[in-house]
Amino acid sequence: MMGHSATWRQLLTLLRPFGRRILLALLLSTLTIGSSVALMMTSAWLISTAALQLGIVSLGVAPTGVRLFGISRAVFRYLERLVSHDVTFRLLARLRVWFYERIEPLSPAQFQGFTSGDLMARVVTDVEELQNLYIRVVAPPIVALVVTLGIGLVFSLLDPLVALVAVAFMVTAGTLLPYLTWWIGSRIGRHRVAVRATLNSQLVDAIQGLPDSLAYGDASNQLSVLEATNTSLSQRERQEARLESLHTGLSVLLLNLAMFSVLVTAIGRIEGVFLATVAMGVVAAFEAITPLALAAQHLDKELTAANRVFELIDNVPIIEEPAAPMTEPIVDYHLSIKNLAFRYDENEPLIYSDFSLDLPHGNRVAVIGESGSGKSSLVNILLRFWDYDTGHIAIGAAGLKALPHEEVRRTFGVMTQRVHLFNTTIRENIRIANKQASDEAIIASAQLAQVHDFIMSLPDGYDTYVGENGVALSGGERQRIALSRILLKDAPIWILDEMTANLDPLTANDVMKAVMQAAEGRTIILMTHHLAFLEKFQFDQIITL
Amino acid sequence: MDRRLMAEAHRARLAFVATVCLGVFSGILIIGQSYLLSQIIASAFLEQAVLSQLGPLLIILLAIILLRGITQSVATWTAAEVAIRIKHDLRKELIEHIVKLGPAFTQQERSGELTITATDGIETLDGFFRDYLPALFTSLLVPLAILFVALSLDLLTFIVLLLTGPLIIIFMVLIGMVAAAYSNTRYAQLSQMSAHFLDVMQGLLTLKLFNRSKAQIETIRRITDHYRESTMNVLRVAFLSAFMLEFMATISVAVVAVEIGLRLLNGGIEFQQALFLLVIAPEFYLPLRQLGARFHTGRDSAAAADRIYAILNTPLPQQSGDQSIHDIQRIEFAHVSHAYADGNRPALDDVSFTIERGEHVAIVGATGSGKSTIINLLLGFIQPTEGQIRIHDGDNVHELHALDIVTWRQQMAWVPQRSYLFNKTIADNICIGNPDATAEQIAQAAESAAAHTFIQEFPHGYQTLVDENGARLSGGQAQRIVLARMFLRNVPIYIFDEATSSLDRENEALVQKNLRQHTQGSIVINVAHRLNTITQADKILVLDGGRIIESGTHNDLIQAQGAYFHLLQAYGETTHDGA
């Protein structure tokens with residue numbers, strides 16, 4: 001657990017805004033367990049005293065106390081649940097916002113090197129895991145500590161040695177059991193998790209590659225590999241189960257030994273009337289100790305999740321906003337790139353060694369090259385997602401590096417192979433481009449993109465939901481919606497990056513035609529490996545990479 | 001309660017019976033311990049017994065305590081064994097079944113979801129077998145025994161327990177239902193909220209391009225806050241029933257304590273008996289409450305089981321035949337139709353054609369015209385719903401489904417449009433299904449696929465691991481590796497589905513030339529969008545809506561000025577003949 005202290009500190013800062021609520025929840029939690037301890041202790045005392053048959057007066061307020069504690073436990077538990085869940089949800093909201101604020105400037109440059117699955121796991125699963133920080137990790141040890149101190153205090157009024165024995169057992173169980181849990185988790189559990197991850201990736205391979213492995217006669221081989229991993233997973237689980245059973249046995253043993261030892265110590269040292277009281281009190285108090293083992297398990301999970309999240313967001317954005325931004329609006333969208341050299345990393349080959357392009361506003365250029373030849377890098381550079389060291393890029397009179405990022409992104413309209421449609425209506429998906437746009441403007445842009453008729457043919461027209469719960473749109477339709485977006489945004493320079501690569505030729509042709517018609521008067525940078533476009537459409541320049 | 005899952009317990013019968021027996025034994029120990037405890041305290045308190053007098057009783061108590069620890073430990077272990085064994089077997093069966101169902105099944109499903117069912121889904125059953133199922137058998141025994149003890153000692157305690165016990169069970173069921181409703185709404189809302197967050201994250205680039213990414217901060221805050229408010233409203237009600245449960249359990253202990261206390265005052269009951277009742281009363285409720293807590297484990301498992309059994313119960317496609325094949329002369333499609341289970345119109349509709357040995361056939365048509373269906377039929381991934389596919393083997397004629405599918409597939413090399421690169425080294429990816437290939441053969445195959453040069457440029461060459469993170473393979477590079485796979489095979493039938501679509505002109509021309517050489521004398525079936533690769537085919541089949549609307553050579557079809565001719569014009573490739 002060493003080396004996690006920085007992470008731990010960072011995590012606790014996240015809890016700070018909820019300090020008061022957390023204190024309240026802790027108080028209620030302690031009172032809940034306190035109530036059951038008090039219930040058992042008062043009951044035991046009541047019976048013992050009654051056994052002396054000194055009349056009802058000798059019981060004092062105990063009968064009332066017993067009933068009160070019987071009720072108060074449930075009440076405190078109820079309130080505690082409400083408060084702690086409220087804290088959890090507030091924490092989740094804060095986590096998401098905090099995470100988003102930190103990650104927004106990093107996209108997309110710092111996402112390189114993370115696989116998409118890993119990235120999404122960090123974004124969703126790990127962030128969600130952290131919401132349990134309070135309930136599962138922070139609260140249990142504090143409550144256990146307070147209850148242990150409370151027992152020590154109350155018992156020491158009767159006899160210090162009895163108190164010492166009770167506290168000693170609670171401390172032993174409260175440290176030994178969580179430590180054992182943590183040890184099992186870090187030794188065996190980690191291996192099991194690793195084997196499970198292997199099984200997972202082998203399964204993905206087997207399922208996604210099933211057509212290939214069947215066709216090439218490799219399926220039975222893959223099955224035996226999978227079965228080997230499956231068996232090794234079961235072996236790991238057995239190892240873990242052996243240790244876990246030791247753990248369960250120990251926790252039952254420690255609880256009852258605590259009771260036994262307290263009783264043996266107490267006999268002859270304290271008044272007989274309190275014997276049952278201390279024996280039952282210590283059993284009830286163990287309710288605060290048992291959850292600690294689970295907390296240890298969660299601590300490890302939270303720290304792992306936190307490390308993964310921090311690893312992602314502790315990056316520094318590659319490009320900061322310009323210190324002295326150009327404030328005058330751009331009047332001339334003449335794009336010029338002079339002697340650009342670029343590579344993603346010092347250890348990687350140059351993508352551009354000496355690239356120049358002069359593009360007066362309204363000109364159309366086609367950039368040809370195989371995938372991987374660096375066409376997409378141009379988008380990253382022009383939109384200021386990546387920085388460049390050598391060369392000069394200007395839009396009109398303004399150097400690219402001096403422009404505020406919002407201004408840069410307003411200038412360019414980008415269409416790529418993959419169109420992200422948000423899980424909302426078609427109307428809202430187009431409106432992404434311009435929050436203030438009227439419905440008429442949206443329809444006009446869809447008409448220009450030649451997708452209006454299609455949208456109107458859907459049952460809910462522009463209010464049709466797309467994505468997971470809505471209609472599935474074809475590649476061509478998605479591209480036309482993307483086109484509607486950049487039309488609505490009214491971007492003066494369009495970058496079309498392999499936008500038709502996933503479409504069949506007939507659709508690709510139609511989409512391309514629609515784009516070129518709609519682009520009237522705008523600058524176009526088309527990147528493609530589809531040479532037929534060069535003959536069908538007019539270009540002022542053709543560049544081969 | 002899920003009967004299908006109950007039945008699975010047979011797979012680990014011995015361990016399961018042991019778990020249940022140990023659970024019962026543990027209950028007996030609890031009662032014994034409580035009895036001894038009350039006995040010891042009573043002696044020490046009322047008879048002023050000292051430790052030495054209590055010696056034997058204390059030693060028995062200590063023995064019981066030790067025995068409880070051991071029993072608990074062994075029961076945990078046997079319960080785990082039950083779960084581990086069943087999970088292992090189910091995983092194995094599920095994976096094998098998925099593979100047997102084949103691509104026709106997996107391509108309809110989301111592969112991620114299938115993987116999750118086989119791993120996380122089966123893991124969900126863990127709690128069911130480990131905790132819930134044994135608890136079902138043992139949780140009523142201990143309370144019943146305690147009830148019996150109470151009857152013999154104190155009538156009112158017996159009545160209190162008798163009345164509250166069933167009430168607890170009723171509340172438990174009630175909580176189960178409320179909690180299920182609650183967890184369903186909460187789960188739905190949570191996944192909705194997560195989906196939104198995921199949507200924003202996946203679309204972050206798009207949002208940035210439109211300068212809208214900063215505005216999302218407010219939206220995320222709003223949605224999460226809304227989630228908190230609505231969830232807390234549901235929770236208030238859900239927690240209320242949990243409150244009732246807790247309330248019943250604790251207040252009855254309190255009622256029992258006060259009642260026996262008052263009886264003690266009048267000497268109506270012995271102190272030892274009274275204390276015994278007080279010690280044991282919480283033990284009466286504990287198993288019931290634990291069962292309640294595990295109730296949701298049972299529910300979660302049932303949901304996971306639904307999905308697992310849905311896959312396991314999907315009937316397997318027709319079993320493979322046993323005829324082997326030696327000398328393929330002709331492939332014949334006779335009035336073949338195929339309709340996918342969910343499709344409303346057939347993907348392939350009464351298609352007939354023949355392909356002779358050595359012939360090169362091209363299949364063209366728009367997306368969804370049935371090209372891939374023909375390929376899937378040939379590979380035996382799906383079967384014709386009508387008509388026959390006949391394979392002429394020397395003088396014999398076999399129906400495709402009568403052939404042993406494994407030997408049949410050994411006759412073919414297939415390069416799909418989106419082929420899959422396995423999470424292995426480049427070399428292993430090339431020699432899939434051909435593990436005995438030498439390094440030279442692999443390099444030669446890669447050379448033919450114009451892949452050798454770029455593979456060698458990787459620091460680890462052919463040993464480079466192909467994964468998302470590793471070598472950044474471009475689409476064209478990936479395709480060339482798969483082409484190398486094909487070049488490693490010498491077979492009578494080659495099937496290409498857009499096999500060179502991601503290559504640039506130069507490499508494409510080179511690969512096409514090597515292809516022609518490699519496939520000389522074999523049957524070649526070529527599905528293509530880019531028509532320049534098929535002009536030299538012996539026969540071109542033009543598909544539309546699952547039917548063959550034209551067939552002939554390139555020149556025949558150009559002259560006919562039909563569908564093919566128009567397709568060519570639309571593609572704008574008429575001037576690229578034979579490039």
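Going along each chain's sequence as written, the residues are numbered from 1 onward. Chain letters and ligand numbers both follow the written order, the letters beginning at A and the numbers at 1. Totals for whole chains, interfaces and linings use all residues, but because this is a predicted model, local features are given only for residues with pLDDT of at least 70 and pairs of side-chain atoms are given and counted only at 80 or more.

Focus: the overall build of chain B
Applied cut-off: Think of it this way: any DSSP run of H or I at least four residues long counts as a helix, any run of E at least two long counts as a strand, and we number them from the N terminus. For a compact globule the rule gives 2.2 Å times the number of residues to the power 0.38, and the radius of gyration it is set against comes from C-alpha atoms. The exposure scheme places C-beta atoms from the backbone and then counts, for each residue, the other C-beta atoms within 10 Å of its own, assigning buried at 20 or more, exposed at 12 or fewer, and partly exposed in between.
Each helix and strand in chain B was counted, giving 19 helices and 10 strands. A globule of 579 residues ought to have a C-alpha radius of gyration of about 25 Å, yet chain B, at 36 Å, is considerably larger. Principal-axis analysis of the C-alpha atoms places the extent of chain B at approximately 115 × 60 × 50 Å. Per-residue burial for chain B yields a buried fraction of 45% across its 579 residues.

Thoughts on the overall build of chain A
What counts is decided by this rule: A pair of residues counts as a contact when their C-beta atoms, built from backbone coordinates, are separated by no more than 7 Å.
Each helix and strand in chain A was counted, giving 18 helices and 9 strands. The C-alpha atoms of chain A give 34 Å as radius of gyration, which overshoots the globular expectation for 545 residues (24 Å, by more than 25%). At a minimum sequence separation of 6, the contacts of chain A that also span at least 24 residues come to 82%.

A short note on the interface of chain A and chain B
Frequently, the measure chosen for interface size is the accessible area that the parts lose on association. Stated formally: Any residue that is not Ala, Val, Leu, Ile, Met, Phe, Trp, Tyr, Cys, Pro, Asp, Glu, Lys or Arg is counted as polar, Gly included; the first ten are nonpolar and the last four charged.
Each partner contributes residues to the interface: chain A has 116 residues there, and chain B has 119 residues. If you tally residues by element for the side of chain A that touches chain B, the top one is helix H8 (residues 219-266) of chain A, at 23 residues. Residues of the side of chain A that touches chain B, tallied by class, amount to 59 nonpolar, 29 polar and 28 charged.

A word on the sheet that holds strand S8 (residues 523-528) of chain A
Residues and elements named next belong to chain A. To keep it simple, the criterion reads: Note on pairing: two strands pair once DSSP finds at least 2 bridges between them. For helices, the fitted line uses only the C-alpha atoms of the stretch in contact; every axis is such a line through C-alpha atoms, and the angle between N-to-C directions lies from 0 to 180 degrees.
Pairing is parallel across the open sheet formed by 5 strands, whose spatial order is S6-S7-S8-S3-S9. The sheet is open, and its two edges are formed by strand S6 (412-415) and strand S9 (541-544), each paired on a single side. Each strand of the sheet is rotated relative to its neighbour by a mean of 15°, with strand direction disregarded. Bridge count between S6 and strand S7 (residues 493-497): 4 bridges; the pairing is parallel. Each residue of the ladder has a partner; that of Met415, found in S7, is Leu496. On top of the sheet, helix H16 (residues 475-489) reaches S6 and S7; it is set at about 180° to S6, its chief contact.

Overview of the packing of helix H3 (residues 62-103) of chain A against helix H9 (residues 216-265) of chain B
The test is simple: Roughly parallel means an angle under 35 degrees; roughly antiparallel means over 145; roughly perpendicular covers 65 to 115; every other angle is labelled oblique. What makes a crossing left-handed is the near helix being turned counterclockwise from the far one by less than a right angle; a clockwise turn instead makes it right-handed.
Following both chains from N to C, one finds H3(A) and H9(B) inclined at 165°, their axes separated by 7 Å at the closest point. In terms of axis orientation, H3(A) runs roughly antiparallel to H9(B). Crossing of H3(A) against H9(B): the hand is right-handed. Of the residues in the contact of H3(A) with H9(B), the class split is 25 nonpolar, 7 polar and 13 charged.

Brief notes about the packing of helix H2 (residues 19-51) of chain A against H9(B)
Helices that pack against each other are described as a pair by the angle of their axes relative to one another and the distance between those axes. Relative orientation of the contacting elements H2(A) and H9(B) amounts to 10°, with a least axis distance of 8 Å. Between H2(A) and H9(B), the angle falls in the class roughly parallel. The crossing of H2(A) and H9(B) is left-handed. Between H2(A), through Ser36(A), Leu39(A), Ser43(A), Leu46(A), Ile47(A), Ala50(A) and Ala51(A), and H9(B), the contact on the second element is made entirely by Thr250(B), Val253(B), Ala254(B), Ala257(B), Val258(B), Ile260(B), Gly261(B), Leu264(B) and Leu265(B). A per-class count over the contact of H2(A) with H9(B) returns 12 nonpolar, 4 polar and no charged.

A closer look at unusual backbone geometry
Residues and elements named next belong to chain B. Phi is positive for Gln48, close to 55°, though the residue is something other than glycine. Following the sequence through the fold, Gln48 ends up in the loop between helix H2 (13-46) and helix H3 (51-101). At Gln561, a position not held by glycine, the phi torsion is positive, near 55°. Structurally, the position occupied by Gln561 is in the loop between helix H18 (554-560) and helix H19 (563-571). Judged by local crowding, Gln561 falls into the exposed class, with 10 C-beta atoms found within 10 Å.

What to know about helix H10 (residues 291-313) of chain A
In plain terms, the rule: The span one expects for a helix is its residue count, reduced by one, times 1.5 Å.
Between the first and last C-alpha of H10(A) there are 32 Å, a value that for 23 residues agrees with the 33 Å anticipated at 1.5 Å per step. Among the residues making up H10(A), those that are buried are Leu292(A), Ala293(A), Ala295(A), Ala296(A), His298(A), Leu299(A), Glu302(A), Ala305(A), Ala306(A), Val309(A) and Leu312(A).

What about the pairing of S8(A)?
Residue and element names in this part refer to chain A. Within S8, 6 of the 6 residues are buried, leaving the element largely enclosed by the surrounding structure. Side chains of S8 alternate between two faces, with Thr523, Ile525 and Met527 and Ile524, Leu526 and Thr528 buried alike. Of the strand pairs in this sheet, strand S3 (residues 364-368) and S8 are connected by 5 bridges, and their pairing is parallel. Following the sheet pairing, Arg364 is matched in S8 by Ile524. Judged from the 5 bridges that link them, S7 and S8 form a sheet pairing that is parallel. Counterpart to Asp497 in the pairing with S8 is Met527.

Examining the nonpolar core
What counts here: We call a set of buried Ala, Val, Leu, Ile, Met, Phe, Trp, Tyr and Cys residues a nonpolar core when their C-beta atoms link them within 7 Å. For each domain, the first and last residues come from an automatic or database assignment.
Grouped together as the largest cluster of nonpolar side chains are 320 residues, with contacts concentrated most on Ile47(A), Ala166(A), Val262(A), Leu275(A), Ala279(A), Val282(A) and Leu278(B). At 17 residues, the largest contribution of residues to this core is made by H3(B). For this core, the two domains that each supply at least three residues are domain 1 (7-313) and domain 2 (335-544) of chain A. Beyond its immediate chain neighbours, meaning those up to four positions away, Leu278(B) contacts Ser43(A), Ala44(A), Ile47(A), Val256(B), Ala257(B) and Ile260(B).

Notes on the sheet that holds strand S1 (residues 335-342) of chain A
All names here are of chain A. Pairing is antiparallel across the open sheet formed by 4 strands, whose spatial order is S2-S1-S4-S5. Only two strands of the sheet have a single partner each, and these edge strands are strand S2 (352-359) and strand S5 (398-399). Sheet topology note: the strand S4 (residues 390-395)/S5 ladder contains 2 bridges and is antiparallel. Its bridge partner lying in S5, Ala394 is registered against Gly399.

Section: the confidence of the model for chain B
Quick reminder of the rule: Each residue carries a pLDDT score, the predictor's own confidence in it, on a scale running from 0 to 100.
With 93% of its residues at a pLDDT of 70 or more, chain B shows a mean pLDDT of 83. Two numbers describe this predicted complex: its pTM, 0.78, and its ipTM, 0.83.

With respect to the environment of Tyr132(B)
All names here are of chain B. Turning to its location among the elements, Tyr132 is positioned in helix H5 (residues 111-138). Judged by local crowding, Tyr132 falls into the buried class, with 25 C-beta atoms found within 10 Å. A sequence separation of 169 residues divides Tyr132 from Ser301, and the C-alpha atoms of the two residues are 9.9 Å apart. When near neighbours in sequence (up to four residues on either side) are disregarded, Tyr132 contacts Gly127, Arg294, Thr297 and Gly298.

Focus on the environment of Pro317(B)
Residue and element names in this part refer to chain B. Residue position: Pro317 is located in the loop between helix H10 (271-312) and strand S1 (328-338). A count of 17 C-beta atoms within 10 Å places Pro317 in the partly exposed class. Separated by 215 residues in sequence, Pro317 and Gly102 have C-alpha atoms that sit 8.5 Å apart. Excluding its chain neighbours within four sequence positions, the residues that come into contact with Pro317 are Gly102, Ala104 and Gln383.

Some points on the pairing of S4(A)
The pairing of S1(A) with S4(A) spans 5 bridges and is antiparallel. Opposite Ala341(A), over in S4(A), you have Thr390(A) as the bridge partner.

A word on the domain arrangement of chain A
Examined at the domain level, chain A breaks down into domain 1 (7-313) and domain 2 (335-544). The C-alpha-based centres of domain 1 of chain A and domain 2 of chain A are spaced at 52 Å.

Looking at H9(B)
In this model, H9(B) (50 residues) spans 70 Å end to end at C-alpha, consistent with the 74 Å of a helix rising 1.5 Å per residue. One or two steps after H9(B), the chain reaches Gly267(B), where phi turns positive at roughly 70°.

Section: the environment of Ile481(B)
Residues and elements named next belong to chain B. Summarising the element assignment, Ile481 is placed in helix H16 (residues 475-487). On the basis of neighbour counts, which here come to 22 C-beta atoms within 10 Å, the residue Ile481 falls in the buried class. Distance in space between the C-alpha atoms of Ile481 and Ala537 is 25 Å, their sequence separation being 56 residues. Setting aside anything within four residues of it in sequence, one finds Ile481 in contact with Leu421, Ile426, Asn429, Ile430 and Ala451.

Here's the deal with the confidence of the model for chain A
Looking at chain A as a whole, the pLDDT averages 85, with 96% of positions reaching at least 70. Within chain A, helix H9 (residues 275-285) of chain A carries the highest mean pLDDT (92), whereas helix H4 (residues 116-129) of chain A carries the lowest (73).

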